[in-house]
Amino acid sequence: MPPLPELMVRPARPEDAPAASEVICASIRRLCAADHQGDPDAIANWLSNKSPDGLAAMIDDPFATVWLAERDGSIVAVGQTTRPGHAEGAGKITLNYVVPAARHTGASSALLSVMERSLAAEGITRAYLTSTETALKFYLARGWQPSAPPRKGRWIVGHPLEKEISSPADNNAGGAAP
């Protein structure tokens, strides 16, 4: 198999909303069956704020950043981080979805790494997220730990997780490279 094209992660722009919406909706519909169990109401509720207009509002939120991972100019993963003033609170990863064709290609891992570094650069030392059942092993393998028991959300069970993250300055302490 030939090597995959280079992945680029960047903040989303307003014009990215339709394509970002498509990625998230495809990911939820096709990859998250363990969570929604094919229940049309659960899927509809989950997707209700993931429309192009919903993504445009997320991109415009001054207290959050929507992140995109792109390969060959196509969006393959979408994430979001929050900062002080956001309704969800600061230091949260509220989105991390990959297009089905890019699953297991490193796109979600690269996106997660950028989001963690971004939060650390903003002075956040402990990050939080709520994982789906589908993504739980992914996060645990990347150092995230349960912070509370799983809980039934509005339409699926969520797994609250947290991770100690360090600032870029902490990573360079002592002058040694990691």
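Keep in mind it's a predicted model, so treat the numbers as computed, not measured.

A. Region of the structure containing the overall build of the protein. Counting its regular elements, the protein contains 7 helices and 8 strands. Taken against the 2.2 N^0.38 rule, which gives 16 Å for 178 residues, the C-alpha radius of gyration of the protein at 16 Å falls within 12% of a compact globule. Considering only C-alpha atoms, the protein reaches an extent of 55 × 40 × 35 Å along its principal axes. Taken over 178 residues, the protein has a buried fraction of 44%. Counting only contacts in the protein whose residues sit at least 6 apart along the sequence, the fraction spanning at least 24 positions is 59%. Of the roughly 9400 Å² of accessible surface on the protein, 54% is carried by carbon and sulfur atoms. Each charge class in the protein can be summarised by its mean position, and for the 17 positive and 19 negative side chains these summaries are 5 Å apart.

B. Representation of the packing of aromatic side chains in the model. Within the structure shown, the criterion is met by 2 aromatic pairs. Ring geometry for phenylalanine 138 against tyrosine 139: centres 5.0 Å apart, planes inclined by 75 degrees, an arrangement best described as edge-to-face. Aromatic pair tyrosine 139 and tryptophan 144: ring centres 6.2 Å apart, planes at 70 degrees, arrangement edge-to-face. This pair shows no difference in class: tyrosine 139 is buried, exactly as tryptophan 144 is. Each member of the aromatic cluster is reached from another via a ring pair, and the members are Phe138, Tyr139 and Trp144.

C. Inspection of the pairing of strand β2 (residues 64-71) at higher detail. Of all 8 residues in β2, 8 are buried; the element is thus mostly enclosed. Neither face of β2 is left uncovered, since the one carrying Ala64, Val66, Leu68 and Glu70 and the one carrying Thr65, Trp67, Ala69 and Arg71 both have all their residues buried. Pairing analysis gives 8 bridges linking β2 to strand β3 (residues 74-82), with the strands arranged antiparallel. Paired with arginine 71 across the strands is serine 74, a residue of β3. Hairpin connection, β2 to β3: the antiparallel pair is bridged by 2 residues, and aspartate 72 has positive phi, about 55 degrees.

D. Structural context of unusual backbone geometry. Look at aspartate 72: it is not a glycine, yet its phi comes out positive at around 55 degrees. In this structure, aspartate 72 sits in the loop between β2 and β3.

E. Spatial organisation of the pattern of salt bridges. According to the stated counting rule, one finds 7 salt bridges in the structure shown. A salt bridge links arginine 10 to glutamate 70, with the nearest nitrogen and oxygen atoms 3.0 Å apart. You can see arginine 10 sitting in strand β1 (residues 7-11) and its partner glutamate 70 sitting in strand β2, a full 60 residues away along the chain. Accessibility assignment for this pair places arginine 10 and glutamate 70 in one class, buried. The closest approach of N and O atoms between glutamate 15 and arginine 13, which form a salt bridge, is 2.9 Å.

F. Fine view of the state of the cysteines. Applying the stated criterion to the full structure yields 0 disulfides. Cysteine 25 takes part in no disulfide bond, and the closest cysteine sulfur, belonging to cysteine 32, lies 11 Å away. Among the residues examined, cysteine 32 registers a relative accessible area of 4% and is labelled buried.

G. Representation of the nonpolar core. In this structure, Ile93, Tyr139 and Trp144 are the most contacted members of the largest nonpolar core, which totals 26 residues. When contributions to this core are tallied by element, the ones reaching two or more residues are β2, β3, β4 (92-98), α5 (107-121), β5 (126-131) and α6 (136-140). Looking at which element gives the most residues to this core, the answer is α5, with 7 residues. If we ignore the near neighbours within four places in the chain, the residues touching tyrosine 139 are Asn96, Leu112, Leu129, Ser131, Trp144 and Leu161. In this structure, Cys32, Trp46, Met58 and Ile59 belong to the second largest nonpolar core, which totals 23 residues.

Rules behind the numbers
- Residues numbered from 1 in each chain as written.
- Predicted model: local features only at pLDDT ≥ 70, side-chain atom pairs only at ≥ 80, totals over all residues.
- Heavy atoms only, no water.
- Helix = DSSP H or I, 4+ residues; strand = E, 2+ residues; numbered from the N terminus.
- Rg over C-alpha atoms; globule rule 2.2 N^0.38 Å.
- Buried < 20%, exposed > 50% of the residue type's maximum accessible area, 1.4 Å probe, protein only.
- Contact = heavy atoms within 4.5 Å.
- Areas by Shrake-Rupley, 256 points an atom, 1.4 Å probe, with all protein chains shown as cover.
- Lys, Arg positive; Asp, Glu negative; His and termini not counted.
- Charge placed at Lys NZ, Arg CZ, Asp CG, Glu CD.
- Phe/Tyr/Trp six-rings, centres within 6.5 Å; stacked < 30°, edge-to-face > 60°.
- Pairing = 2+ DSSP bridges.
- Salt bridge = Lys/Arg side-chain N within 4 Å of Asp/Glu carboxyl O.
- Disulfide = S-S within 2.5 Å.
- Core = buried A, V, L, I, M, F, W, Y, C linked by side-chain atoms within 4.5 Å.

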